[in-house]
Amino acid sequence: MKRNFNIKWIQVGVMLLTLLTTGCSLFDMELQENYDYKHKTLDPNIGISAKKFLENRSYGTPENPTDTAFKWMRMGLEYAGIDLNELEKADRTFIFLHNDAIKIWDAKAKKVTGGLFFDFPIVTGIDGTGKPLTKPAAKWEDYSKEDVRNYFLYLILQGKYNFADLSISNVKAKTLLPANTVASKGSLLGYMNEGKGFDQEGAMYLKLVNNSDLAPIQINNKTTNRSGGYGVTNGVVHVYGVKGNTTVYPFISLQ
């Protein structure tokens with residue numbers, strides 16, 4: 001009995017030794033000896049224009065047909081009648097909206113539960129106290145074309161504002177939105193910012209949340225980026241749309 005016990009432990013020892021020497025190959029990895037780690041920073045320059053970046057990741061490509069991260073953004077630009085060549089012009093900062101920034105769909109509840117369509121719901125009427133009655137939008141066409149156009153103009157900044165250009169204090173940037181633009185009362189946006197909806201100077205405020213290397217960029221004291229610092233050939237792109245922190249408000253929050 002004792003001999004059988006010893007034999008079993010010898011067999012286990014042989015198996016462990018075999019796994020140690022061949023395990024990497026079993027998991028499609030080769031053994032490495034004296035590997036020297038070299039720190040390398042990924043190049044943020046993607047070598048294409050902002051327009052091409054949007055096109056490659058909105059309706060998919062033959063090379064990557066399932067990449068539709070900016071599908072709803074592109075649909076909004078097309079509905080608003082904004083020429084995509086605006087995304088080719090030089091020395092600009094582009095705020096891109098991931099699908100989650102626009103519409104978060106709860107498949108179980110079968111309704112919109114987050115994003116711009118939820119935070120700027122459509123006004124369906126006014127109650128007896130003068131308070132607007134609302135419902136989440138389902139599509140861009142629920143909004144006026146002018147409001148959607150103005151919103152996307154607000155997301156294009158004149159000049160480059162990358163991480164190195166920002167600090168923990170707000171930096172004021174001029175957007176393509178004309179001064180004194182007012183949102184319609186067709187959505188709740190028209191009741192925000194003292195009934196103006198949009199920043200009346202057409203300005204956006206950007207800052208780093210903290211001083212760390214990975215600090216997110218916050219817009220208007222409210223919304224932080226999903227990813228950023230994409231160096232396109234005509235400027236820089238920052239992407240917004242993190243669940244729980246989705247909507248980019250077109251005016252500064254005083255909270």
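Preceding this paragraph is the structure being described.
Residues numbered from 1 in each chain as written. Predicted model: local features only at pLDDT ≥ 70, side-chain atom pairs only at ≥ 80, totals over all residues. Heavy atoms only, no water.

Draft legend 1. The packing of helix α3 (residues 71-80) against helix α6 (residues 145-154), seen in detail. At a closest axis distance of 8 Å, the pairing of α3 and α6 adopts a crossing angle of 125°. Here α3 lies oblique to α6, going by the angle between them. Note that α3 runs across α6; the crossing there is left-handed. Here α3 contributes M73, G76, L77, Y79 and A80 to the contact with α6, which in turn contributes K145, V148, R149 and F152. Classifying every residue of the contact of α3 with α6 gives 6 nonpolar, 1 polar and 2 charged. (Axes fitted to C-alpha atoms, helices over the stretch in contact; angles between N-to-C directions. Helix = DSSP H or I, 4+ residues; strand = E, 2+ residues; numbered from the N terminus. Parallel < 35°, antiparallel > 145°, perpendicular 65-115°, else oblique. Left-handed = near helix turned anticlockwise from the far one by under 90°. Contact = heavy atoms within 4.5 Å. Nonpolar A, V, L, I, M, F, W, Y, C, P; charged D, E, K, R; others polar.)

Draft legend 2. Spatial organisation of the pairing of strand β10 (residues 223-232). Pairing between strand β9 (residues 217-219) and β10: 2 bridges, direction antiparallel. Each residue of the ladder has a partner; that of Q218, found in β10, is T224. Taking the residues that link successive antiparallel strands as the turn, the β9-β10 hairpin has 3 residues, and the phi of N220 there is positive, at about 55°. Note: β10 against strand β11 (residues 235-240), 5 bridges, orientation antiparallel. Opposite N225, over in β11, you have Y240 as the bridge partner. Linking two consecutive strands that pair antiparallel, namely β10 and β11, is a turn of 2 residues. (Pairing = 2+ DSSP bridges.)

Draft legend 3. Spotlight on the packing of aromatic side chains. Tallied over the entire structure, the rule returns 13 aromatic pairs. Between the aromatic rings of F70 and F96, the centroid separation amounts to 5.2 Å while the plane-to-plane angle is 80°, which identifies the pairing as edge-to-face. With F70 in the loop between α2 (50-56) and α3 and F96 in strand β1 (residues 92-97), this residue pair connects regions lying 26 residues apart in the sequence. The exposure class of F96 is buried, given its relative accessible area of 0%. Measuring from ring centre to ring centre gives 5.8 Å for W72 and F117, while their planes differ by 90°; the resulting arrangement is edge-to-face. Note that W72 is positioned in helix α3 and F117 in helix α5 (residues 116-119), a separation of 45 residues in sequence. (Phe/Tyr/Trp six-rings, centres within 6.5 Å; stacked < 30°, edge-to-face > 60°. Buried < 20%, exposed > 50% of the residue type's maximum accessible area, 1.4 Å probe, protein only.)

Draft legend 4. Quick peek at the side chain of T224. For T224, the location among the structural elements is in strand β10. Exposure remark for T224: the relative accessible area of 18% places this residue in the buried category. In contact with T224, other than residues within four places in its own chain, are V209, P216, I217, Q218, Y240, V242 and N245.

Draft legend 5. Summary view of α3. Counting buried residues along α3, 7 of its 10 residues qualify, which places the element largely inside the surrounding structure. When we look at burial in α3, the residues that qualify are W72, M73, R74, G76, L77, Y79 and A80. Residues of α3 that are buried make contact with α2, β1, α4 (99-102), α5 and α6.

Everything listed is a geometric property; what it means functionally is a separate question.
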